[in-house]
Amino acid sequence: QVQLVESGGGLVQAGGSLRLSCAASGLTFRAYGMGWFRQAPGKEREFVAAITFSGASTMYTDSVKGRITISRDNVKNTVYLQVNSLKPEDTAVYYCAASRRIYSGSNYYTPLDYNYWGQGTQVTVSS
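These remarks concern the structure in this document. (Residues numbered from 1 in each chain as written. Predicted model: local features only at pLDDT ≥ 70, side-chain atom pairs only at ≥ 80, totals over all residues. Heavy atoms only, no water.)

Points about the overall build of the protein chain
Looking only at helices and strands, the protein chain features zero helices and 11 strands. The order of α-helices and β-strands along the protein chain, N terminus first, is β-β-β-β-β-β-β-β-β-β-β. In terms of C-alpha radius of gyration, the protein chain reaches 13 Å, essentially the compact-globule figure of 14 Å for 127 residues. Dimensions along the principal axes, computed over C-alpha positions, put the protein chain at roughly 40 × 25 × 25 Å. Within the protein chain, residue pairs in contact and separated by at least 24 positions form 58% of the contacts whose partners lie at least 6 positions apart. When the accessible surface of the protein chain is summed, it comes to about 6500 Å², and 47% of that surface belongs to carbon and sulfur atoms. For the protein chain, the centre of its 12 positive side-chain charges and the centre of its 8 negative side-chain charges are spaced 6 Å apart. (Helix = DSSP H or I, 4+ residues; strand = E, 2+ residues; numbered from the N terminus. Rg over C-alpha atoms; globule rule 2.2 N^0.38 Å. Contact = heavy atoms within 4.5 Å. Areas by Shrake-Rupley, 256 points an atom, 1.4 Å probe, with all protein chains shown as cover. Lys, Arg positive; Asp, Glu negative; His and termini not counted. Charge placed at Lys NZ, Arg CZ, Asp CG, Glu CD.)

See below:
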């Protein structure tokens, strides 16, 4: 049974930082591309960042470039999302996801590219 368990969310003031973690089990982690998405109340789930199975390539949505870093540890079966200079508009539930697809340059950006999802962790940024 595949499980993705996010942690590290919470309430933080604007300008602060958080490190989100996603621990994976039940799958060959090093064979999966991993992504982070977020969903704010009343909005669609949106892509934040992704990383290829080896960690050689990373992708970010334009609104977070320079503030967010995705990384992975294929020994610990964990993917991380470091979020700096948090803004109130970063408030959302953050989800990690695993994709069996090989990165082609145009995939990993939509929820349909992913096979497994975590339950999410809430990030709330106060102004």
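Let's talk about the pattern of salt bridges
On inspection of all chains with the given rule, the structure shows five salt bridges. Across the pair Arg101 and Asp113 runs a salt bridge, and its minimum N-O distance is 3.0 Å. Here Arg101, found in the loop between strand 9 (92–99) and strand 10 (116–117), pairs with Asp113, found in the loop between strand 9 and strand 10; they are 12 residues apart in sequence, far enough to count as distant. Looking at Asp113, the relative accessible area reads 8%, which means it is buried. Three or more residues joined by partner-sharing salt bridges are found here, namely Arg38, Glu46, Arg67 and Asp90. (Salt bridge = Lys/Arg side-chain N within 4 Å of Asp/Glu carboxyl O. Buried < 20%, exposed > 50% of the residue type's maximum accessible area, 1.4 Å probe, protein only.)

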